[in-house]
Amino acid sequence: MTPADLQPASFTAYPPLAQAFAVRHLALLRALPMSVCPSFLAQIIALDMRFPVERETLEWQCASLESMESQRRASLLSPLQAITLPLELERTNWVRSPAAFVEQLTASLWSTGQINAFHAASRALFEAIPERADTTDRLLLIVLGQGADVSRPSLMRKLARQGIRLEGIDAASAKAQMLVEIADRAKRMPASYTHWYVDGGAAWDVAASSGPVVSTSYAQLAPLRSHVLAQMKSILQSGQSGAEKMRTQLSEMSAQASGGSRVTPDPVLQRFYTELFTEGSGTQIFSTSFVQWAGRELARRAQPATLLLRYGPRQRHRGLNEMVEEPDSTTPDPEGSLVDAEMNAFYNWIAMKRITAPGRLTTLAWAEGSSRAVLISPGTKPNTISSRPLTISQALRAKYV
């Protein structure tokens, strides 16, 4: 079968939203080259388990390609049409299992030297799609340094170069005021999956009155994480534990197989949490990696208006096999965790900045239990210092120019 042969009946095995979407955009799917159509289907087949923003983004991309002048679209698709594929790959059931096809396609492109041409053509196609207008005012709150020495002058230096270093934060009220900020924003913008709190340890209590705030933690997801680690251990013990095999087998784990229902009844969250551990690098072992990866994926996929990330002490570093065998060391490493968190916080800021219109992102990173924080906002001057006494709420609203 080729994309041109697709029919509405081709998608009867898809979940309801995915099936309706594929049929609605059938004309576009039929026009896509074999080298790219399964990539679209891999996104479509998972739509029922995706965040609303992901569904809207795919709808925007398809609608933009459909409305594009036909000659221009044909010109953009021509280099992708020129990609040659092995006959046995084309004969696979790529409609029912598009993700498996895409994985095999990638290997084929590398082995035949077509990967650069494919990347260039794909990039040109998606760059031709206009960006969606976004006017969301986003707030990123980061907490780090629990149990560590946060007195050194260079604390959060990469973030501090982008904003103002605050030396007079009221530590006693900081936690409560951060939670109030999240609750207030959730009440003003009550859309689902828009406000998030991710904790690397045991989470702070988020009041039920906070509205639709999604709160999760490393501790809460322990059953799911243990299941993924058990699978990793089995792969290691099989003697065929190459990185590619590990990645492939973990990516095939469904939210149902991972035990996602034990941590939440929400199927969208079940899949997201499962993918944090099956696709993340180090998330299964280090809580700091879990928080950083969760923040990265939320920025990319859910595009939250409010995001609170709290880094806690991770376990000390050991050999990979030892950590998989005994994943929960009782020996924390607060100082090493702070180093991780400082760098990860900078990456979290970059990830949120990428999805936010200029001048609409406010970021505040606080060293837990201390009077020290860094604020990056439209009103702050980079690489400056303020020692005036402030609460978190005052800091977010103060004028620094």
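Going by the structure above, here's the rest.
> I'm lost on the pairing of strand 1 (residues 138-144) in this one. Help?
Remark: a regular strand shows side chains that alternate across the two faces of the sheet. Most of strand 1 sits inside the fold, with 7 of its 7 residues counted as buried. Covered by surrounding structure in strand 1 are Arg138, Leu140, Ile142 and Leu144 together with Leu139, Leu141 and Val143, the residues of both alternating faces. With 7 bridges connecting them, strand 1 and strand 6 (residues 361-367) associate as parallel partners. Directly across from leucine 141, in strand 6, lies its bridge partner leucine 364. The sheet contact formed by strand 1 and strand 5 (residues 306-310) spans 5 bridges and is parallel. From the neighbouring strand, leucine 140 faces strand 5, where its bridge partner is leucine 307.

> For this particular structure, what's the right way to read the state of the cysteines?
As used here, a disulfide is simply a covalent bond connecting the sulfur atoms of two cysteines. With the rule as written, the count across this model stands at 0 disulfides. Sulfur of cysteine 37: no disulfide; nearest cysteine sulfur belongs to cysteine 62 and is 9.9 Å away. We classify cysteine 37 as buried; its relative accessible area is 0%. You can call cysteine 62 buried: its relative accessible area is 0%.

> What is the right way to read helix 16 (residues 334-354) from this model?
Taking 1.5 Å per residue as the helical rise, helix 16 with its 21 residues ought to reach 30 Å, and the 30 Å between its terminal C-alpha atoms agrees with that figure. Listed in full, the buried residues belonging to helix 16 are Gly336, Ser337, Leu338, Ala341, Glu342, Asn344, Ala345, Phe346, Asn348, Trp349, Ala351 and Met352.

> I keep staring at the nonpolar core and nothing clicks. Help me out?
In this structure, Phe51, Leu140, Leu144, Leu159, Trp196, Tyr273 and Phe290 are the most contacted members of the largest nonpolar core, which totals 54 residues. Dropping the residues within four chain positions of it, tyrosine 273 is found in contact with Trp196, Val214, Ser215, Thr216, Leu221, Leu224, Val263 and Thr264. Membership of the second largest hydrophobic core comes to 38 residues, among which are Ala18, Leu29, Leu80 and Ile115.

> Explanation requested: the environment of leucine 309 in the structure shown.
Within the secondary structure, leucine 309 sits in strand 5. For leucine 309, a relative accessible area of 0% corresponds to the buried category. Leucine 309 sits 36 residues away from alanine 345 along the chain, and the two C-alpha atoms are 8.6 Å apart.

> Before we go on, may I ask you to explain empty space enclosed by the protein in this structure?
Empty space among the atoms becomes visible once a probe the size of a water molecule is rolled across them. One pass over the structure, following the stated rule, counts 1 cavity of 30 Å³ or more. A volume near 40 Å³ is recorded for the largest cavity. What lines the largest cavity is simply Gly145, Gln146, Tyr311, Gly312, Pro313, Pro334, Ser337, Leu338 and Ala341. In terms of residue class, the lining of the largest cavity is made up of 5 nonpolar, 4 polar and no charged.

> How should I be thinking about the packing of helix 5 (residues 70-81) against helix 8 (residues 115-127) in this particular structure?
A pair of packed helices is captured by two measures, namely the crossing angle of their axes and the spacing between those axes. The geometry of helix 5 relative to helix 8 is characterised by a closest axis approach of 9 Å and an angle of 160° between their N-to-C directions. Between helix 5 and helix 8, the angle falls in the class roughly antiparallel. Relative to helix 8, helix 5 is oriented so that their crossing is left-handed. Along its contact with helix 5, which presents Leu76, Leu77, Pro79 and Leu80, the element helix 8 presents Phe118, Ala121, Ser122, Ala124 and Leu125. Taken together, the residues of the contact of helix 5 with helix 8 break down into 8 nonpolar, 1 polar and no charged.

> I would appreciate a short explanation of the packing of aromatic side chains in the present structure.
For any pair of aromatic rings, geometry is given as the distance between the ring centres together with the angle between the planes. Considering all chains together, one arrives at 11 aromatic pairs under this definition. On the basis of an interplanar angle of 50° and a centroid distance of 6.0 Å, the ring pair of phenylalanine 272 and tyrosine 273 is categorised as tilted. Given the relative accessible area of 2%, phenylalanine 272 is considered buried. Three or more aromatic residues joined by ring pairs form one cluster here, namely Phe51, Tyr193, Trp196, Phe272 and Tyr273. One cation-aromatic arrangement involves lysine 158 over phenylalanine 346; the distance from NZ or CZ to the ring centre is 4.7 Å. A cation sits over an aromatic face here: arginine 296 above tryptophan 293, 4.4 Å from the ring centre.

> Any chance you could explain helix 4 (residues 52-67) here in plain terms?
Because each turn of an α-helix spans 3.6 residues, side chains separated by three or four positions in sequence point in the same direction. Helix length check: helix 4, at 16 residues, gives a terminal C-alpha distance of 22 Å against a target of 22 Å (1.5 Å per residue), a fit within 8%. At its buried positions, helix 4 is contacted by helix 1 (16-24), helix 2 (26-31), helix 3 (37-44), helix 5, helix 8 and helix 14 (287-302).

> Mind showing me how you'd approach unusual backbone geometry here?
In most cases, non-glycine residues show a negative phi, while peptide bonds are predominantly trans. Even without a glycine there, the phi angle at methionine 156 is positive, about 55°. Relative to the assigned elements, methionine 156 resides in the loop between strand 1 and helix 9 (157-160). In this structure, tyrosine 193 is a non-glycine residue whose phi angle is positive, near 60°.

What counts and how
- Residues numbered from 1 in each chain as written.
- Predicted model: local features only at pLDDT ≥ 70, side-chain atom pairs only at ≥ 80, totals over all residues.
- Heavy atoms only, no water.
- Buried < 20%, exposed > 50% of the residue type's maximum accessible area, 1.4 Å probe, protein only.
- Helix = DSSP H or I, 4+ residues; strand = E, 2+ residues; numbered from the N terminus.
- Pairing = 2+ DSSP bridges.
- Disulfide = S-S within 2.5 Å.
- Expected span 1.5 Å × (residues − 1).
- Core = buried A, V, L, I, M, F, W, Y, C linked by side-chain atoms within 4.5 Å.
- Contact = heavy atoms within 4.5 Å.
- 1 Å grid on protein atoms, 1.4 Å probe; cavity = no way out; pocket = protein on both sides within 12 Å on 5 of 7 lines; lining within 4 Å.
- Points joined across faces, edges and corners; volume = space filled by probe spheres on them.
- Nonpolar A, V, L, I, M, F, W, Y, C, P; charged D, E, K, R; others polar.
- Axes fitted to C-alpha atoms, helices over the stretch in contact; angles between N-to-C directions.
- Parallel < 35°, antiparallel > 145°, perpendicular 65-115°, else oblique.
- Left-handed = near helix turned anticlockwise from the far one by under 90°.
- Phe/Tyr/Trp six-rings, centres within 6.5 Å; stacked < 30°, edge-to-face > 60°.
- Lys NZ or Arg CZ within 6 Å of the ring centre and 35° of its normal.

Coordinates in, geometry out; function isn't part of it.
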